[in-house]
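Fold and contact review
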Amino acid sequence: MPPSQGSAHPLRLLGVYAALLAVIYALVFFTGDKDPTPKLGIDLQGGTRVTLTARTPDGSKPSQDSLRKAQEIIENRVNGLGVGGSEVVIDGDNIVITVPGDDGQQARALATTAKLYIRPVLDNESVANRGVPQQPAQSPAATPSSPAPETPEEVSPEPAPQQRVFPAQAPTEPPAPSGSPQEQAQQEIATAKAVRQSTDPTIQKAAMAALDCSKPDPLAGNDDPKLPLVACSTDGTEVFLLDKSRIDGQEIKNASSGLNQQQARHEVNLEFKSGGSDAWATLTGEYLQKRVAFVLDSKVVSAPVVQAGPQQGGRTTISGNFTATSAKELANTLKYGSLPLSFQISEAETVSATLGLSSLKAGLLAGAVGLVVVLLYCLAYYRMLGFLTGLSLVASGLAVFGIMVLLGRWIGFTLDLAGIAGLIIGIGMTADSFVVFFERIKDEMREGRSFRSAVPRGWQRARRTILSGNAVSFIAAAVLYALAVGQVRGFAFTLGLTTVLDVVVVFLVTAPLVLLASRTAFWSSPSVNGLGAIQQVARERKAADAALGESVRTR
């Protein structure tokens, strides 16, 4: 027997959803790498994720051009290190680096600003011997890494410094920052510059005495190359007073690392461009038997004594306390150039592969438990109508899984624990839509209508409520996605996605299934749909109304 005219519409809606699923899984299995698994975040597969926040000297918002340039340079560094499966993406005003594996330090090293300057050393002192008068000594060693300081360059006589520092000049603790993070960064950089890049000898001496090499450097990558600089060595054992920059790191043509067999140490070999080669020859001729410092991100990497000069050929070597890995990382960083912005790590997370697998199992278990609980509740309260709820959730799950696979393939979306939390909440929100629909059906049946006539009327009333509730949830997810960073955005994204799919599933699957069920004798049976008590209430109300009407007529 052909279906009635009223049943054609629900079947057509179910056909539309089936066609959507067919398109989704055709794209999954026949496009791209054809791998039907979603892309997992590092908290599920293991690895390191570092979120970098840009710091500009004036506290302004970084330009997208600068962020894209920084992204390109960091990607080149990743490729140069041979780190497979890594990602560098722009997330609003941040850059997020994801590196698989357990070596979290490697991901953090990729964020180095790498602003290299070569500055003459004017003065230096050991952190351990601060405040103890030292006699300048000539270093007999001929190696660039000799830690013994040379006699600093002679300067014109200055008045003896006072034995106190004026309050405006004192390199004491800066005032507590206030305002936005950009304003705080601007204040920290300005305070550090005023003290550590002053041209006043009194302030320079005070800055050398007060600089704490064990604390994070707010000036990192933001020092002015046209001004002197008070800086620490990378190992924190020495403080330097450096002159203005003489050679910019942009003049480096190539950089490589290697092991010096004679000295038994790892070094970074530099080759300058033509302009840098001439400047290096001039500098080494002028500072013969004196120290020059290689300053990377406002820290002195190496301060060798110039043993011969002028040095022609445009080649030199940076030596220091390098390991094979750190020398390779520094050479790779200098080779691909400095970043146009300085960054601070606002979020860093390292997860082992074992812990990631445990987290994945826990997330899947939580989702399965949530789904089973929802189904049991619906079956207990709505009888066989709860079975239709289960079919709708399965249809929604199939769509979500396929879309996750495609999004990971197309835009690099990774499913993490926060995203799984959003999906689990989405299960509850989908169940809420079913509850609204079924309760509207009950309301109609309390008015005395049959199950068949109550379903279309209940759907007309329920869909407005469903749309309103999902619209509020989607707006909340969109606002959270726009304002948040890192894993919170993954939660907001999956929450918004499941909200949209909830509407699609309710309109294209749940409503058509219930409409079809209402037209069959089996589903209309009170023992099947669990609506017998509601029908009894309707009969009692009808009997009471009839009795009331009869009593009115008899009067």
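I will try to describe carefully the structure that is included in this document. Since this is a predicted model, take the numbers as computed values, not measurements. (Residues numbered from 1 in each chain as written. Predicted model: local features only at pLDDT ≥ 70, side-chain atom pairs only at ≥ 80, totals over all residues. Heavy atoms only, no water.)

With that settled, consider the sheet that holds strand S8 (residues 252-260). Hydrogen bonds along the backbone pair up the strands of a sheet, which may run parallel or antiparallel. Overall, antiparallel pairing links the three strands, which are arranged S8-S9-S12 in an open sheet. Either end of the sheet is taken by a strand with one partner, and the two such strands are S8 and strand S12 (315-319). In this sheet, neighbouring strand axes are inclined to one another by 25° on average, regardless of whether the strands run parallel or antiparallel. Bridge analysis of S8 against strand S9 (residues 265-272) gives eight bridges, and the strand direction is antiparallel. From the neighbouring strand, asparagine 260 faces S9, where its bridge partner is arginine 265. The strands that helix H7 (residues 274-286) touches are S9 and S12; relative to S9, the one it contacts most, it runs at about 115°. (Pairing = 2+ DSSP bridges. Helix = DSSP H or I, 4+ residues; strand = E, 2+ residues; numbered from the N terminus. Axes fitted to C-alpha atoms, helices over the stretch in contact; angles between N-to-C directions. Contact = heavy atoms within 4.5 Å.)

Moving on, we get to the nonpolar core. Ranked by internal contacts, the top residues of the largest apolar core, which has 53 residues, are Tyr17, Phe437, Phe438 and Ile441. For this core, the secondary-structure elements that each account for two or more residues are helix H1 (5-30), helix H9 (353-382), helix H10 (385-410), helix H11 (417-446), helix H12 (451-483) and helix H13 (487-517). In terms of nonpolar packing, the next biggest core, distinct from the first, is built from 22 residues, Ile252, Ala255, Val301 and Leu330 among them. (Core = buried A, V, L, I, M, F, W, Y, C linked by side-chain atoms within 4.5 Å. Buried < 20%, exposed > 50% of the residue type's maximum accessible area, 1.4 Å probe, protein only.)

Backbone geometry places aspartate 297, a non-glycine residue, at a positive phi of 50°. Structurally, aspartate 297 is set in the loop between strand S10 (292-296) and strand S11 (299-302). Non-glycine residue arginine 383 carries a positive phi angle of around 55°. Note on placement: arginine 383 falls in the loop between H9 and H10.

What follows covers the pattern of salt bridges. Scanning the model with the defined rule gives 16 salt bridges in all. Notably, a salt bridge pairs arginine 489 with aspartate 91, separated by 1.7 Å at the nearest N-O pair. Separated by 398 residues along the polypeptide, arginine 489 in helix H13 and aspartate 91 in strand S2 (residues 87-91) bring together distant segments of the chain. Neither residue differs from the other here; arginine 489 and aspartate 91 are each classed as buried. The closest approach of N and O atoms between glutamate 271 and arginine 315, which form a salt bridge, is 3.7 Å. Linking glutamate 271 in strand S9 with arginine 315 in strand S12, this pair joins segments that are 44 residues apart in sequence. Note on arginine 315: relative accessible area 54%, which makes it exposed. (Salt bridge = Lys/Arg side-chain N within 4 Å of Asp/Glu carboxyl O.)

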